[in-house]
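Letter by letter, the chains look like this.
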Amino acid sequence: MKGVMILMKKYKLAVVGATGVVGQKMIEVLQEKNLPISEYVFFASSRSAGKSLRFGDDVYVVRELTEDSLKENFDFALFSAGGNTSLKYSPIAAHSGCIVIDNSSAFRMYDDVPLVVPEVNPNDISWNKGIIANPNCSTIQAVCALKPLDDAFGLKRIVYSTYQAVSGAGSKGIHDLENGIKAFSSNFDSNALSNTSNNNYELEKFPYPIFNNCLPHIDKFLENGYTKEEEKMINETRKILGKPHLAITATTVRVPVFNSHCESINIEFEKEFELENVIEVLKKAPGVVVQDNPTKEEYAIPTQVSGKDEVFVSRIRRDFSIKNGLNIWVVADNIRKGAASNAVQILEKIIKEKDLI
Ligand code: A2P
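Sequence order as written defines the numbering, with residues in each chain counted from 1. For a predicted model such as this one, the threshold for reporting local features is a pLDDT of at least 70, and the threshold for listing and counting side-chain atom pairs is 80 or more; totals across whole chains, interfaces and linings nevertheless cover every residue. Calculated side-chain values reflect all of the structure's heavy atoms, with hydrogen atoms and water omitted.

1. Re helix α8 (residues 336-355)
Roughly 40 degrees is the biggest bend found in α8, and it falls at Asn-342. Only protein chains enter the accessibility calculation, which uses a 1.4 Å probe; a residue whose area is less than 20% of its type maximum is buried, one above 50% is exposed, and one in between is partly exposed. Each helix corresponds to a stretch of at least 4 residues labelled H or I by DSSP, and each strand to a stretch of at least 2 residues labelled E; elements are numbered beginning at the N terminus. Burial analysis of α8 places 16 of its 20 residues in the buried class, which makes it a mostly covered element. In this analysis the local bend is the angle between axes fitted, respectively, to the seven residues ending at and the seven residues starting at the residue.

Written out as structure tokens, the structure reads:
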């Protein structure tokens with residue numbers, strides 16, 4: 001009996017921002033996934049052009065991104081090189097027939113650009129016009145937990161409070177924490193509880209030392225007193241869940257943790273609920289792991305979640321101060337699920353659909 005032969009197309013993929021924190025992770029995730037891609041091209045700025053990058057057994061040379069680079073018949077491009085680079089180069093790539101998956105915030109709120117988390121709104125991929133936006137890292141992990149709860153009990157209001165790792169601010173953010181630790185250890189003082197002199201080092205990213213501190217300030221301040229990060233969480237959650245008027249507020253805070261964001265999410269539901277049903281819904285949710293065992297002091301923490309693609313939910317408990325209120329603690333690797341893995345999952349979904357594999 002003759003078997004049916006499926007011809008798999010091999011694709012050409014660009015990674016823009018390949019030397020950055022997210023770009024490097026995209027390359028790592030691409031290696032793990034082994035997608036049908038025959039040609040990879042890695043772009044960064046002129047600063048990195050000529051550097052070598054390892055991909056499996058192969059060594060690639062990083063190329064400088066120019067206006068002509070993306071006219072070379074790419075099928076897909078993963079962008080993570082900041083908003084300005086995306087604004088300038090993504091449309092060029094899209095006009096050449098390439099599908100761009102953009103990790104910057106540049107296009108996220110455009111009406112004709114889908115904002116996608118594959119576990120939450122995969123069908124939105126279908127109406128893309130060449131650019132698909134990868135949501136903000138804090139939003140991705142939140143909506144993975146919120147979507148199944150919305151389907152079951154109806155979201156009425158959300159209060160986000162975040163504890164965000166420095167890796168979300170790129171390599172400069174990581175350097176600020178590293179340099180703070182070095183400065184502190186080189187002149188440790190047992191009076192450090194009140195001592196600020198150990199914070200005397202040059203800052204690359206944050207306005208204040210991040211080591212031994214918490215900064216209630218992520219991205220720029222807006223005229224209404226919120227930060228752009230807080231605005232992103234509010235607007236992106238509404239867009240992904242398809243609920244433009246959902247009541248949401250947010251306070252986003254940078255903490256001295258290298259990787260993985262934590263979020264305390266306070267939820268008010270439309271419907272009454274039993275806690276055991278909430279836990280059941282979360283246990284069945286795609287990409288979500290419930291890790292919640294207070295009697296054994298088990299809950300999700302950044303050092304244990306880093307390196308994983310799932311979103312971990314802990315501290316699931318009723319908010320007794322309101323009707324139908326719930327509190328949850330949500331932790332995810334902001335560079336993997338919050339950026340690189342989510343983008344590569346979108347790519348994987350498109351390829352699977354194209355190739356029917
Ligand atoms: P480069 O390494 O050459 O500066 P991060 O925020 O983690 O530092 O990463 C930012 C990424 O975006 C890096 O890969 C950086 O490249 C890249 N990048 C920044 N500006 C541009 C640009 N104008 N064109 C292409 N890539 C850029």
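2. Notes on the sheet that holds strand β15 (residues 311-319)
The pairing of strands in a sheet comes from backbone hydrogen bonds and takes either a parallel or an antiparallel form. With mixed pairing, the six strands of this open sheet are ordered in space as β10-β9-β11-β16-β15-β12. Each edge of the open sheet carries a strand with a single partner, namely β10 (247-254) and β12 (288-290). Neighbouring strand axes in the sheet, compared pairwise and without regard to direction, differ in orientation by 25 degrees on average. One requirement defines pairing of two strands: DSSP has to find at least two bridges between them. In this sheet, strand β16 (residues 325-332) lies alongside β15 in antiparallel orientation, the contact comprising six bridges. Bridge pairing links Arg-317 to Asn-327 in β16. The criterion used for residue contact is that any of the two residues' heavy atoms lie within 4.5 Å. For helices, the axis comes from a line fit to the C-alpha atoms of the stretch in contact; other axes are also lines fit to C-alpha atoms, and the angle between any two N-to-C directions lies between 0 and 180 degrees. Relative to the sheet, helix α5 (residues 228-241) contacts β9 (155-164), β10 and β11 (261-269), its axis offset from that of β10 by approximately 135 degrees.

3. Brief notes about the packing of aromatic side chains
Pairing of aromatic rings covers Phe, Tyr and the six-membered ring of Trp, with a centre-to-centre limit of 6.5 Å; geometry is then stacked below 30 degrees between planes, edge-to-face above 60, and tilted otherwise. Counted according to the given criterion, the structure contains 13 aromatic pairs. Taken together, a centroid distance of 5.3 Å and an interplanar angle of 65 degrees make the contact between Tyr-11 and Phe-76 edge-to-face. One end of the pair, Tyr-11, is in strand β1 (residues 11-16); the other, Phe-76, is in strand β6 (residues 76-79), with 65 residues separating them in the sequence. On the accessibility criterion, Tyr-11 (3% relative accessible area) is buried. Relative to Phe-273, the ring of Phe-269 lies with its centre 5.4 Å away and its plane at 75 degrees, an arrangement referred to as edge-to-face. This pair shows no difference in class: Phe-269 is buried, exactly as Phe-273 is. Sitting above the plane of the Phe-74 ring, Lys-12 keeps its charged end 4.7 Å from the centroid. When the NZ atom of lysine or the CZ atom of arginine is within 6 Å of a ring's centre and also within 35 degrees of its normal, the charge is said to sit over that ring. Of note, Arg-318 hangs over the ring of Phe-273, and the distance from its end group to the ring centre comes to 4.2 Å.

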